[in-house]
Amino acid sequence: MALPASRPVPRPGVLDIEAYVPGKSSAPAGVKLHKLSSNETPLGPSPKAIAAYGNLAGKLELYPDGSATKLREAIAGRYGLDANRIVCGTGSDELLQLITKVYLGDGDEGVFTEHGFLVYKIAILAAGGKPVIVPETNLTADIDAILAAVTPRTKIVFLANPNNPTGTYLPFDEVKRLQAGLPPHVLLVLDAAYAEYVRRNDYASGLELVATSENVVMTRTFSKIYGLANLRLGWAYGPAHIIDALNRTRGPFNVNGAAIEAGVAAIADEAHIASAIEHNDKWLAWTTAELEKLGLIVTPSVGNFLLIHFPAAAGKTAKEADAFLSQRGLILRSVASYGLPDALRMTIGSEEANRLVVAALAEFLGKAA
Ligand SMILES: *Cc1c(COP(=O)(O)O)cnc(C)c1O
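Small disclaimer: the values here were computed from a predicted structure and weren't measured.

Draft legend 1. Broad picture of the overall build of the protein chain. Looking only at helices and strands, the protein chain has 12 helices and 13 strands in total. Against the compact-globule benchmark of 21 Å for 369 residues, the protein chain has a radius of gyration of 21 Å, which places it among compact chains. Taking all 369 residues of the protein chain together, the buried fraction comes to 54%. At a minimum sequence separation of 6, the contacts of the protein chain that also span at least 24 residues come to 73%. Within the structure as shown, the protein chain displays about 16400 Å² of accessible surface, and the carbon and sulfur contribution to it stands at 56%. Between the centroid of the 34 positive side chains of the protein chain and the centroid of its 37 negative side chains there is a distance of 3 Å.

Next up, the structure:
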């Protein structure tokens, strides 16, 4: 028999985790910072959400409503859902971790795609499971490849739609085909963090699929279009049996009161959301076109960010472009950890930031702007 370890040892898998590296957020001294590394909104949150947040300052000694009832009802009203089938969390990140912990155990397999969101891998390893990484086609999830990767040990399939960092998406028909092809005991997690930004007739976040299936759960966030990333607020919508399991295992006060109040106000401010969509439509198209004029390859995106591909030639690489832009306070995201060493991800920013990136890249590539 092995001797006991001389100190506490994490469970298998934990030390295989490469900790998530957030987007950089600093610029050289004296240079204006344009943080385009974390897909935050350049419009900020609704002013009504900021006011609601401030109103909580006089009640910090009170525990929040542990069921976030007001917020679940606001979400349900906005999207036409049953509030009892919603659970809120400290960002969708917490919910992704919780779902994994609840449905996947030692040695079980969790499936996600080649350039999928790295939180899935972390969650699977933290639960003692085995990450199964499926190849993509044209930087897009491939349903047939995902289905082919399912084994008797598969417990969860994660799909970000649209995906980060590629910005690509699957039409709703494809998502339905995925669900139809999965064994009924395999949980399909649809991560729709960017759903509000998508403007495609063949796209749907999949709320309808969740409503009519027993093995699909969706995660959503207030961090992106709602501009509340700093408050850490997300929600999951699922079948009653899944919501019940998540409610049993979550922390009893996992969402703070300020987040609840701000979330309720943010979701009601439809004009602010419309402005965010309008800004993104305009500048996503403009920035894509301008970068293409510089000879760069840009993956067509339906989100609020772009994946920009750089040449391999010395002096023009993604790494060098990143350093060049950073010097000017333009902070993009390296995506080498996503298997994309020759690309950078740029969040669509303010008009000023977008124009500065295009001008700086023209200079970097030695082209007249
Ligand atoms: C940003 C993002 C989220 C949101 O995470 P939060 O924890 O809610 O801030 C979830 N999934 C993907 C793919 C994302 O890019």
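Draft legend 2. Representation of the packing of helix α3 (residues 91-103) against helix α8 (residues 240-249). For the pair α3 and α8, the least separation of the axes is 10 Å and the interaxial angle reads 100°. The pairing of α3 with α8 is recorded here as roughly perpendicular in orientation. Across the interface between the two elements, L98, I99, V102 and Y103 from α3 touch H241, I242, A245, L246 and T249 from α8. For the contact of α3 with α8, a count of residues per class yields seven nonpolar, two polar and no charged.

Draft legend 3. Fine view of the UniProt feature "modified residue: N6-(pyridoxal phosphate)lysine" (unreviewed entry) in the protein chain. When the UniProt feature table is mapped onto this chain, "modified residue: N6-(pyridoxal phosphate)lysine" (unreviewed entry) is found at K224. With respect to the element layout, K224 can be found in the loop between β7 (216-221) and β8 (234-237). Looking at K224, the relative accessible area reads 13%, which means it is buried. Non-local contacts of K224, meaning those with residues more than four positions away in its chain, are made with S38, N39, T41, A193, Y194 and Y197. Engagement of the side chain of K224 in a polar contact is seen with the side chain of Y194, the distance being 3.0 Å.

Draft legend 4. Up close: the pairing of β7. Here β7 lies mainly inside the structure; six of its six residues are buried. Here β7 shows no split at all, with V216, M218 and R220 on one side and V217, T219 and T221 on the other all buried. As defined by bridge partners, strand β6 (residues 187-191) adjoins β7 across four bridges and the pair is classed as parallel. Residue pairing for β7: L190 is matched across the bridge by M218. Sheet topology places β7 next to β8; four bridges connect them, and they run antiparallel. In the strand pairing of β8, T219 is matched with A236.

Draft legend 5. Representation of the site of the ligand in the model. Close to the ligand lie G91, S92, D93, F117, N164, D191, A193, Y194, T221, S223, K224 and R232, which account for all nearby residues. A distance of 2.6 Å is found between a nitrogen atom of the ligand and a side-chain nitrogen or oxygen belonging to D191. In the complex, the protein chains occlude 92% of the 390 Å² of accessible area that the ligand would expose alone. Taken atom by atom, the bulk of the ligand overlaps the largest pocket. Per element, the largest residue contribution to the shell around the ligand is three residues, and it comes from α3. For the shell around the ligand, the per-class residue count stands at three nonpolar, five polar and four charged.

About the cut-offs
- Residues numbered from 1 in each chain as written.
- Predicted model: local features only at pLDDT ≥ 70, side-chain atom pairs only at ≥ 80, totals over all residues.
- Heavy atoms only, no water.
- Helix = DSSP H or I, 4+ residues; strand = E, 2+ residues; numbered from the N terminus.
- Rg over C-alpha atoms; globule rule 2.2 N^0.38 Å.
- Buried < 20%, exposed > 50% of the residue type's maximum accessible area, 1.4 Å probe, protein only.
- Contact = heavy atoms within 4.5 Å.
- Areas by Shrake-Rupley, 256 points an atom, 1.4 Å probe, with all protein chains shown as cover.
- Lys, Arg positive; Asp, Glu negative; His and termini not counted.
- Charge placed at Lys NZ, Arg CZ, Asp CG, Glu CD.
- Axes fitted to C-alpha atoms, helices over the stretch in contact; angles between N-to-C directions.
- Parallel < 35°, antiparallel > 145°, perpendicular 65-115°, else oblique.
- Nonpolar A, V, L, I, M, F, W, Y, C, P; charged D, E, K, R; others polar.
- UniProt positions renumbered as here; feature names shortened; annotations may be inferred.
- Polar contact = N/O pair within 3.5 Å; in protein donor to acceptor, adjacent residues only side chain to side chain.
- Pairing = 2+ DSSP bridges.
- Near = heavy atom within 4 Å.
- 1 Å grid on protein atoms, 1.4 Å probe; cavity = no way out; pocket = protein on both sides within 12 Å on 5 of 7 lines; lining within 4 Å.
- Sits in = over half its atoms within 2 Å of the grid points.

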